[in-house]
Amino acid sequence: MVRDLDDIIIRTCARIMVPFMQVYGLYVFVHGHSSPGGGFQGGCIMAASFILLATAFNIKEAKMRFTEKVNGIFCCLGVFIYAGTGAVAVIFSGNFLDYSRWTNILPTNPVMARYYGMALIELGVQITVMAVMVSIFLDLVTGGSHEEVMKTDD
Amino acid sequence: MTLIILTMTAALLVAGLFFFFAATVGFLRFPDLYTRMHATGKGDTLALLLMVAGLALFNLYDNFCWMGMVQSVKLLFIAVFWFIANPTATHAVLRAAFESGVTPWTKDGTVIIDKTEGEGA
């Protein structure tokens, strides 16, 4: 099914593209306030860079760079950042995700506190979306066994 | 000056549209996968470069400031990565088709490439 073609053109181009795709994912995340984009889209682009790596090389190679343990940690870390950002506002007697309460610990006015709070939850969204997309991809492509399915027809 | 820039923009956009049109005609009219990818892989790549160059030029004229230049450079980045990605994607699709045994089209239906012969070479 999945065969190791060892194609130097695809591998070289994937190696060139992957860092730029990841930088572009961060760009989409950072510019999410003022232009189309945001955490979800940036996370999808970063996950696409990993999926490109896994399809151009193989899954074993890709898992060496981004192991499933790290992937699981990132899944939880994004949710933790999102919920933690909201919970800090609750600690300072605001509503959940009421970022203006961040002025208690940030030396800014409430408008800029809302700006930074939105950036923080977008960061959480980005990390979780990236990790979950990669996780779904690994589940689908390996049929749930999380092992490389190779050379079944040879 | 304005006339020159607008004429160049229009020329680039029309040239890009021509190549997009040619690629689409090739995609619809050619007989099999290889010839179709041959048309779209080359036509779309050049056409997008021409379109993006025209848009970047127009953006420089329309919005001549520091941010406008940055936007034009961003547009050119799209063209650069498209130039890397689209031929590679075409190559990957064609390579996968060849590996899975799609035979090239010939006019009289004869098989010009024997798949079992080239295997493992």
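Scoring rules and cut-offs
- Residues numbered from 1 in each chain as written.
- Chains lettered and ligands numbered in written order.
- Predicted model: local features only at pLDDT ≥ 70, side-chain atom pairs only at ≥ 80, totals over all residues.
- Heavy atoms only, no water.
- Phe/Tyr/Trp six-rings, centres within 6.5 Å; stacked < 30°, edge-to-face > 60°.
- Helix = DSSP H or I, 4+ residues; strand = E, 2+ residues; numbered from the N terminus.
- Buried < 20%, exposed > 50% of the residue type's maximum accessible area, 1.4 Å probe, protein only.
- Contact = heavy atoms within 4.5 Å.
- Buried area = accessible area lost by both parts, 1.4 Å probe.
- Salt bridge = Lys/Arg side-chain N within 4 Å of Asp/Glu carboxyl O.
- Polar contact = N/O pair within 3.5 Å; in protein donor to acceptor, adjacent residues only side chain to side chain.
- Nonpolar A, V, L, I, M, F, W, Y, C, P; charged D, E, K, R; others polar.
- Patch = residues over 30% accessible without salt bridge, like charges linked within 9 Å, V, L, I, M, F, W, Y side chains within 5 Å.
- Areas by Shrake-Rupley, 256 points an atom, 1.4 Å probe, with all protein chains shown as cover.
- Axes fitted to C-alpha atoms, helices over the stretch in contact; angles between N-to-C directions.
- Parallel < 35°, antiparallel > 145°, perpendicular 65-115°, else oblique.
- Left-handed = near helix turned anticlockwise from the far one by under 90°.
- 1 Å grid on protein atoms, 1.4 Å probe; cavity = no way out; pocket = protein on both sides within 12 Å on 5 of 7 lines; lining within 4 Å.
- Points joined across faces, edges and corners; volume = space filled by probe spheres on them.
- pLDDT = per-residue confidence, 0-100.

> Could you give me a rundown of the packing of aromatic side chains, with the residues and numbers involved?
Taken as a whole and judged by the stated rule, the model has 8 aromatic pairs over all chains. Geometrically, the ring pair formed by Phe 20 of chain A and Phe 81 of chain B is tilted, given 5.0 Å between the ring centres and 45 degrees between the ring planes. Of this pair, Phe 20 of chain A sits in helix H1 (residues 8-30) while Phe 81 of chain B sits in helix H3 (residues 66-99), placing the two residues on different chains. Assessed through its relative accessible area of 44%, Phe 20 of chain A is described here as partly exposed. Take Phe 81 of chain B: its relative accessible area is 21%, and that puts it in the partly exposed class. Measuring from ring centre to ring centre gives 6.0 Å for Phe 58 of chain B and Tyr 61 of chain B, while their planes differ by 55 degrees; the resulting arrangement is tilted. Of this pair, Phe 58 of chain B and Tyr 61 of chain B both sit in helix H2 (residues 33-62), separated by 3 residues, roughly a single helical turn. Put simply, the rings of Phe 20 of chain A together with Phe 77 and Phe 81 of chain B touch in pairs and so form one group of aromatic residues.

> Provide a residue-level description of the interface of chain B and chain A, including the pertinent values.
Chain B puts 10 residues into the contact, and the matching count from chain A is 11 residues. The contact between chain B and chain A buries some 950 Å² in all, and 70% of this surface belongs to carbon and sulfur atoms. Taken together, the links from chain B to chain A amount to 1 salt bridge. A salt bridge links Arg 95 of chain B to Asp 7 of chain A, with the shortest nitrogen-to-oxygen separation between them at 2.8 Å. At the boundary of chain B and chain A, one finds 3 residue pairs in polar contact (both at pLDDT 80 or more). Residues of the side of chain B that touches chain A, tallied by class, amount to 4 nonpolar, 2 polar and 4 charged.

> Tell me about a nonpolar patch on the surface, residues and numbers included.
Residues and elements named next belong to chain B. A grouping of Leu 46, Leu 49, Trp 82 and Phe 83 is seen on the molecular surface, where their side chains present a nonpolar patch of about 310 Å² in accessible area. Counting only elements with at least two residues in the nonpolar patch, the list comes to H2 and H3. With respect to the helices, strands and loops of the structure, Phe 83 is situated in helix H3. Its relative accessible area of 41% is what places Phe 83 among the partly exposed residues.

> How would you explain the packing of H1 of chain A against helix H2 (residues 39-56) of chain A if you had to name every residue and give the values?
Residues and elements named next belong to chain A. At their nearest, the axes of H1 and H2 sit 8 Å apart, and the two run at 170 degrees to each other. The angle between H1 and H2 places the two elements in the roughly antiparallel class. The residues of H2 that touch H1, namely those facing Ile 10, Arg 11, Ala 14, Met 17, Val 18, Met 21, Gln 22, Tyr 24, Gly 25, Val 28 and Phe 29, are Gly 39, Gln 41, Gly 42, Ile 45, Met 46, Ala 48, Ser 49, Leu 52, Leu 53 and Ala 56. Its residues assigned to classes, the contact of H1 with H2 comprises 14 nonpolar, 6 polar and 1 charged.

> Explain the packing of helix H1 (residues 2-29) of chain B against H2 of chain B to me, using residue names and the numbers behind them.
All names here are of chain B. Between H1 and H2, whose axes approach to 8 Å, the crossing angle comes to 160 degrees. Considering the angle they form, H1 stands roughly antiparallel to H2. In the packing of H1 onto H2, the handedness of the crossing is left-handed. For the contact of H1 with H2, the residue count by class is 23 nonpolar, 7 polar and 2 charged.

> How would you sum up the pattern of salt bridges? Please name residues and give values.
This structure, assessed with the given rule, holds 5 salt bridges over all chains. Here Lys 63 of chain A and Glu 68 of chain A are joined by a salt bridge, their closest N and O atoms 3.2 Å apart. Of the residues examined, Lys 63 of chain A reaches a relative accessible area of 17% and is grouped as buried. Classification of Glu 68 of chain A as partly exposed rests on a relative accessible area of 30%. Several salt bridges converge on common partners, so that one network encompasses Asp 7 of chain A together with Arg 95 and Glu 99 of chain B.

> Help me get a handle on the layout of surface pockets, residues and values and all.
Residue and element names in this part refer to chain A. Taken as a whole, the second largest pocket spans an internal volume of roughly 280 Å³. In terms of lining residues, the second largest pocket is bounded by 15 residues, among which Val 18, Gln 22, Phe 50, Leu 53 and Arg 65 are the most central. Counting residues per element, the ones that place at least two in the lining of the second largest pocket are H1, H2 and helix H3 (59-65). By residue number, the principal contributor to the lining of the second largest pocket is H1, which donates 5 residues.

> Residue-level account of the confidence of the model for chain B, with values.
All names here are of chain B. Chain-level statistics for chain B give a pLDDT mean of 88 and a share of 93% at 70 or above. Within chain B, H1 carries the highest mean pLDDT (94), whereas helix H4 (residues 115-118) carries the lowest (56). Two numbers describe this predicted complex: its pTM, 0.80, and its ipTM, 0.73.

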